[in-house]
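# Coordinate inspection notes
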Amino acid sequence: MQIPFQKMNGAGNDFVVIDNRDLKFQLSKEQIALLCDRQRGVGADGLLAVEPAEKGADFKFRYYNADGGEAEMCGNGARCFGKYTAALLGEGTSLVTFETIAGTLSAQIIGDNVCIAMSEPFDLALHTDIKVDGLDAEVHVINTGVPHVVVFVDDLKNTDVLKYGAALRYHEHFAPAGTNVNFTQVLDAQHIAIRTYERGVEGETLACGTGMTACALIHHLLNDAASPVSVDVEGGETLEIGFIPESDKPFTGVTLTGPADFVFAGEITI
Ligand SMILES: N[C@@H](CCC[C@H](N)C(=O)O)C(=O)O
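Quantities reported herein were computed from a predicted structural model and do not represent experimental measurements. (Residues numbered from 1 in each chain as written. Predicted model: local features only at pLDDT ≥ 70, side-chain atom pairs only at ≥ 80, totals over all residues.)

Splitting the protein chain by domain gives domain 1 (2–119 + 260–269) and domain 2 (122–254). Domain 1 and domain 2 are separated by 23 Å when their C-alpha centres are compared. At the interface, 20 residues of domain 1 touch 21 residues of domain 2. In terms of residues, the side of domain 1 that touches domain 2 owes the most to one element, helix H2 (residues 75–89), which gives four residues. (Domains from an automatic or database assignment. Contact = placed C-beta atoms within 7 Å. Helix = DSSP H or I, 4+ residues; strand = E, 2+ residues; numbered from the N terminus.)

For the rest of this paragraph, the subject is the site of the ligand. The local shell around the ligand holds 17 residues, among which Gly75, Asn76, Val146, Gly209 and Thr210 are the closest. For the shell around the ligand, a count of residues per class yields four nonpolar, 11 polar and two charged. Two domains each provide a minimum of three residues to the shell around the ligand, namely domain 1 (2–119 + 260–269) and domain 2 (122–254). (Near = placed C-beta within 6 Å. Nonpolar A, V, L, I, M, F, W, Y, C, P; charged D, E, K, R; others polar.)

As a further point, take unusual backbone geometry. The omega torsion across Ala175 and Pro176 is 0°, close enough to zero to call that bond cis. In this structure, Pro176 sits in the loop between helix H3 (161–169) and strand S12 (180–188). Here the amide bond leading from Ser227 into Pro228 is cis, since omega sits at 0°, within 30 degrees of zero. You can see Pro228 is positioned in the loop between helix H4 (209–223) and strand S15 (229–232). Residue Glu202 is not a glycine yet carries a positive backbone phi of 60°. Mapped onto the elements of the fold, Glu202 is located in the loop between strand S13 (191–198) and strand S14 (203–205).

Attention shifts here to the environment of Ala11. Examined against the element boundaries, Ala11 turns out to sit in the loop between strand S1 (2–10) and strand S2 (13–19). For Ala11, a count of 27 C-beta atoms within 10 Å corresponds to the buried category. The spatial distance from the C-alpha of Ala11 to the C-alpha of Gln26 is 29 Å, given a sequence separation of 15 residues. Excluding residues that lie within four positions of it along the chain, Ala11 makes contacts with Asn76, Leu206, Ala207, Val233, Gly235, Glu237, Leu239, Gly258 and Pro259. (Buried ≥ 20, exposed ≤ 12 C-beta atoms within 10 Å, placed from the backbone.)

Owing to its 3.6 residues per turn, the α-helix brings residues three or four apart onto one side. Those residues of H3 lying buried are Tyr164, Gly165 and Leu168. For H3, the angular spread of the buried residues around the axis is 105°, confining them to a single face. On its buried side, H3 packs onto strand S10 (139–143), strand S11 (147–152), S12, S13 and S14. (Arc of directions from axis to C-beta.)

Judged by nonpolar contacts, the single largest core of 75 residues is most densely connected at Val16, Val17, Leu47, Met212, Cys215 and Val231. It is H4 that provides the largest number of residues to this core, a total of six residues. Split by domain, the residues of this core number at least three in each of domain 1 (2–119 + 260–269) and domain 2 (122–254). Aside from chain neighbours lying at most four places away, what touches Met212 is Ile194, Val231, Val233, Leu239 and Ile241. (Core = buried A, V, L, I, M, F, W, Y, C linked by C-beta atoms within 7 Å.)

With numbering aligned to this structure, UniProt lists the feature "active site" (unreviewed entry) at Cys74 and Cys208. On the basis of their most widely separated C-alpha atoms, the annotated residues across 135 residues gather in one place, lying no more than 7.8 Å apart. Residue placement: Cys74 occurs in the loop between strand S5 (70–71) and H2. By the C-beta count within 10 Å, which is 29 here, Cys74 ends up buried. Setting aside its immediate chain neighbours within four residues, Cys74 contacts Gly46, Tyr63, Gly209 and Thr210. Looking at where Cys208 falls in the secondary structure, it is placed in the loop between S14 and H4. (UniProt positions renumbered as here; feature names shortened; annotations may be inferred.)

This part takes up the pairing of S2. Of all seven residues in S2, six are buried, a share of seventy percent or more. Note: S1 against S2, five bridges, orientation antiparallel. The partner of Gln6 across the bridge, within S2, is Val17. Between S1 and S2, which pair antiparallel in sequence order, lie two residues; one of them, Ala11, sits at a positive phi of approximately 60°. As paired elements, S2 and strand S3 (residues 46–52) share five bridges and run parallel to each other. Residue pairing in the sheet places Asp19 in a bridge with Val50 of S3. In terms of handedness, the path from S2 via helix H1 (residues 29–36) over to S3 forms a crossover that is right-handed. (Pairing = 2+ DSSP bridges. Right-handed = clockwise from strand over helix to strand, strands pointing away.)

The following block contains the structure:
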């Protein structure tokens, strides 16, 4: 089977994007994992497929992790998907809507950046009693489209993201679905840095959009940060999270703004 693809990058989180509007590709988990394999395939943290909308939006968004498993949403992927599908709709398109498992979202193209209107967060739990050996820090939980754990640390650079990330990702509390795990350091009231262990990649990625959203929102709840919060990611970029705090639910109006870049286009036979 020959598959034309576009390789894209959102703040160092990279994706294979395929146009499947005619649903001609029915890829298995193994085939998706092969496309994402950095030695045997194109290489990426995940695969995005553009499919026809079913609920009135412009498109349907499908996201698969590098292991071939489908996830509900991907923040950096959503920015890449927004930029890719805006180009499909024609030059000058600045707003695209798409259906994800986490709800219908929109992407606004603003110069080189893309701003995603995110789904309403849920499953918020601050100061949980979840513990892992050797990690002396509180664990906070929130779902920003996919499940996330947030741990505040004083020394992000020297935090063992792989060890503690894997311990929390596979913690019985989150079984069987598992969770993504973010370590975050407060730089100042409006500025944090994060490193993320991603479920489905089973390692650290250079950025995680839903993860930085989770960290910024919990930074607001615990430390009273105002909107927007700037977030430094391991890939070197700084992105912005906006939100409207609510009295009767965690947040509305959550936005994720950052880069989305075309890297190269190609065709692969699998
Ligand atoms: N890279 C992502 C999140 C992708 C999904 C995640 N690995 C999961 O399985 O929940 C992002 O930018 O949000």
